[in-house]
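Letter by letter, the chains look like this.
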Amino acid sequence: MVDAGERMPVRLVQENGNTISLDATAIDIIVERRQSAFGLPFFDAKRMGIDLNQADVRVEISGVFADDVGQEQTAQAVATMDFYQPQQLVTWGQPIGGSTGGTNSGPISSMFNLGGSTGSVFGGITTGIGGALGGFGGFTGGNGGSLGGGVMDVKDLGNRVLRYWNERYIDFPVGYWVEETIGLENPVQTGLQLWLSADTLSSTHSDGDAVASWTELSNARSATATGVERPTFRDAGPRPFVQFDGGSDRMTVASSPFLNTEEFTIFAVFKPDANTGNNTVLATSNGYHLTSEPSNTRVVAGWYDGATMQTVNSGASSVLNSGLSIVGYTMEDTGADAEADEAKVYVNGTLKNTSSGLTYEPDGGVLYIGGNAGSDYFEGGIYELLVYNRVLSDDERELVEGYLSVKYNVLLAQGHPYRQFRYTFEKTHVRVGFDQRMVASQQEPYGFLNDLRSTGLVVQSISGNVLTIDTGTGDPRQWFEVDESTRQYPISSASNRISPSFVTAVTASTITVNPPYGTMVIQVGDTIDMHPITYNEPSLIGGYNSPVVIIPIKNADTFDAQALPEKAVGPEFPAHQDGSSRDDGGGIERTDEYIAYLLSKALTASYFDLNRDVDADGNQTMDKVFSVEISESANGHNARLTITQQYPSSLGRLSGSINSSLGVGQMPVTQGFSGGRSGKRVKSGGDKVQDVLGVLANSNNFANNIEVNNVSQAIQIGLDFLSNQFYSPDVAGDYIHGIQIPYTSLATKGKNALDSEVAQRNFFLTTKGGTASKMSSANDVHASRAYAAAFHGHLKNGISGLVSQFVVHRDAEMKAYEFELQFAAADIIL
């Protein structure tokens, strides 16, 4: 396999998907016909067994652990999902009444019940031949022709594959988001000159401590105070804050031209404690200020126009005296003449007042927090302050308000895009939901982002409830499938985001709507936006940094409760609303294959803009997140997806992070992402030895046994529709259960897409299948593929078993550790 003196890479595979690389200098594979399986070693009461009709196979490896040179090449993490579902197990032909035994007048079975639905009370563990009373489990019948208890559930059987998929979802982690997660991070930092957040003091202050210095997060400027001016740090609530006493507490930030600009945007999160007086939240000595007026339950934004102080207020009862408020204050130069001429004040995301025609020129000076240059002091808690040296756009302002709303649990105004607390940077997944009442449109052929999104259709005129569309901007029939879908399409426009209209009919140039409360809220000249669909499952509504993709699947399953087994399920492909043909995936006839096809397309769709970078290059579209390959499942149908993270990352903590609300029998068999790495730290040979010894000696880390062996498969005969295997958090042990030994392939070169680089395979050993499936000529799995157990689709990327012997030695002055390892192949680990 290798020339003399060369090292061959061999990998031990751990239960949690991690691998340990070995540099082998010699490999011997010993095959003996002996019946000594009972003598194989035990590791913490975990035994292994072999098929007694198969020869005993041992792999003996000699090699070295040397110091690393450089770093390991990056690789992408890979997951698999198998959507295979049997066409039909039980056809629910006559759900009411049924037989009392002896005939087939009850539910007709395609595999099991041959003798009626009931029989002996004590015949509970049967396949239904003769039947048994329901409730005793397994594949029994029941009184009145009902199914028995146990693992079978009628909603999982027959041609009902998708009946319970409606409004269910699967979450897919995005590698870049996992590695770059910055929980509750301010989303807009361009132009940010001052960012004071009280929670940054938690690491240096205890509740009740005086605050002498408060360092901000954007430019490391500090607000300082001495003596009686020092406020108090409080960590007594849901979020820390800085308490100002209203009498002497005040902090100062040194004068800076970046804090004294002609245009600016200020955000302040605070809670007044006083009920009277003027309470200055912040102020520059010669420029602007933001003041709380508890007696009037309002805020006042002020500035100097020459030597005269001018103000604009938010109006009475706009700010709570007993709760937190998010206040925004902008100063803008609308005339581009180097003098700001318009001031605005916002409270909790709503524009409360505007002052235009003013003149403001900054005059420098220090910035005070909790007071001003005189005697107006703030009494209450200040939680966070942000000062920008520019005017934020409406979208940017809403993002910051959304960030502050989530962080401080402040409800934003009605109509604000982040009112429902859907803004967060903590999201690391894309949620993919399913809608069984819709078919996909021509413009969104594989699904849609359930968020506000533009169609580009412009309203040319309005007559009653009919909107005439400028045909130069598009064809409404390419967006709305009103004939096939049974769910209403909500639309809105910039004129009204709060109350959507619902589309009832479309032509090539018109949209007929049912407006809210009978009043048309869309106006001539508006661009039609697709409004988010409201589902019973609230998490299916997307938001900024919380993308939700909905895949319409109404045409994926031709459900028929009376269908015979051979007429069970399959998709149909009605023409689009405009008459164009629907993508049938090249003639797909099975529901499971069609669902796999739709998901593969959705996970690689370039028209899904996730509004957040998905890689280091700043791309934001779904096609830059995943690549997907469709292949045959173990049952010979094209229902298996191999999903690869395009961003090469270290995704060890993603084990088990493909989550779903689908139930048992509906969720595809899933192997979570594994195998990704973004370069490892350089390790010495000694470190490597310690790693291996630590894993082998600490086999208590063996987690719950994952049922992936041949014994489990035998038990599952006839039950494969119930296969539902996740790598849950408890299946995270580091116990070694496989080995990968690569070789260069000539016999199967070209059978894998990666063979253009190097045609490599891993030795494999399997008792599954006939002789032809065990030969090297049948191995089309590239050696770079992560080790996968039996139910993940193939047994051709490694050998399962146990390390039965491991010896390491190092002579004086040797530069490497020599090792000898023996690996015993096994079919199962119990």
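The structure contained in this document is the topic of the report that follows.

Procedures and definitions
Residues numbered from 1 in each chain as written. Predicted model: local features only at pLDDT ≥ 70, side-chain atom pairs only at ≥ 80, totals over all residues. Heavy atoms only, no water. Helix = DSSP H or I, 4+ residues; strand = E, 2+ residues; numbered from the N terminus. Pairing = 2+ DSSP bridges. Axes fitted to C-alpha atoms, helices over the stretch in contact; angles between N-to-C directions. Buried < 20%, exposed > 50% of the residue type's maximum accessible area, 1.4 Å probe, protein only. Polar contact = N/O pair within 3.5 Å; in protein donor to acceptor, adjacent residues only side chain to side chain. Contact = heavy atoms within 4.5 Å. Salt bridge = Lys/Arg side-chain N within 4 Å of Asp/Glu carboxyl O. Expected span 1.5 Å × (residues − 1). Core = buried A, V, L, I, M, F, W, Y, C linked by side-chain atoms within 4.5 Å.

So, about unusual backbone geometry. A positive phi angle, close to 60°, is found at Ala220, a residue other than glycine. Within the secondary structure layout, Ala220 lies in the loop between β10 (213–215) and β11 (222–224). Not every positive phi belongs to a glycine, and Ala338 is a case in point at roughly 70°. Mapped onto the elements of the fold, Ala338 is located in the loop between β20 (325–332) and β21 (340–347).

A word on the sheet that holds strand β32 (residues 527–530). By way of backbone hydrogen bonds, the strands of a sheet pair with one another, either parallel or antiparallel. With respect to topology, six strands assemble into a closed barrel ordered β27-β28-β31-β30-β29-β32, the strand pairing being antiparallel. Between one strand axis and the next, the sheet turns through 50° on average, direction left out of account. Taken together, the two bridges between strand β29 (residues 489–493) and β32 define a ladder with antiparallel strand orientation. Its bridge partner being in β32, Ser492 is matched across the sheet by Asp529.

We now examine the sheet that holds strand β18 (residues 298–305). Overall, antiparallel pairing links the eight strands, which are arranged β10-β11-β14-β23-β16-β17-β18-β19 in an open sheet. One side of each edge strand has no neighbouring strand; the edge strands of this open sheet are β10 and β19 (308–313). The sheet shows a mean angle of 25° between the axes of neighbouring strands, taken without regard to direction.

We now examine the side chain of His416. Here His416 is to be found in the loop between α2 (394–408) and β25 (429–435). By relative accessible area, which is 8% here, His416 ends up buried. A polar contact of 2.7 Å, which involves the side chain of His416, links it to the side chain of Glu401. The residues contacting His416, other than those within four sequence positions of it, are Gly349, Glu398, Glu401 and Gly402.

Turning our eyes to something else, we now look at the pattern of salt bridges. Summed over all chains, the structure comprises 21 salt bridges. Between Lys344 and Glu342 there is a salt bridge, with its nearest N and O atoms 3.8 Å apart. Looking at Glu342, the relative accessible area reads 16%, which means it is buried. Notably, a salt bridge pairs Arg397 with Glu401, separated by 3.1 Å at the nearest N-O pair.

This next bit is on helix α4 (residues 685–697). Here α4 contains 13 residues, and its C-alpha end-to-end distance of 18 Å stays within 8% of the 18 Å for a straight helix at 1.5 Å per residue. Of the positions making up α4, those classed as buried are Gly685, Gly686, Lys688, Val689, Val692, Val695 and Leu696. Looking at the packing, one finds that the buried side of α4 touches β1 (8–14), β2 (19–32), β4 (56–65), β38 (736–740), β41 (799–809) and β42 (817–825).

Before going further, it helps to examine the nonpolar core. Ranked by internal contacts, the top residues of the largest apolar core, which has 44 residues, are Phe83, Phe172, Val432, Ile551 and Leu599. Sorting the residues of this core by element identifies β5 (78–82), β8 (169–173), α1 (175–180), β25, β33 (548–552), α3 (591–602) and β35 (640–645) as the ones contributing at least two each. For this core, the element with the most residues is α3, which contributes seven residues. Leave out the neighbours within four places in its chain, and Ile551 touches Val432, Gly433, Phe434, Asp435, Tyr446, Gly447, Leu598, Leu599 and Ala602.

Moving on, we get to the pairing of β25. When you tally the buried positions in β25, you get seven out of seven residues, the bulk of the element. Residues of β25 alternate between two faces, with His429, Arg431, Gly433 and Asp435 on one and Val430, Val432 and Phe434 on the opposite face, all of them buried. In the sheet, β8 pairs with β25 via five bridges, with the strands oriented antiparallel. Paired with Pro173 across the bridge in β25 is His429. With five bridges connecting them, β25 and β33 associate as parallel partners. Looking at the pairing, Asp435 lines up with Pro552 of β33.

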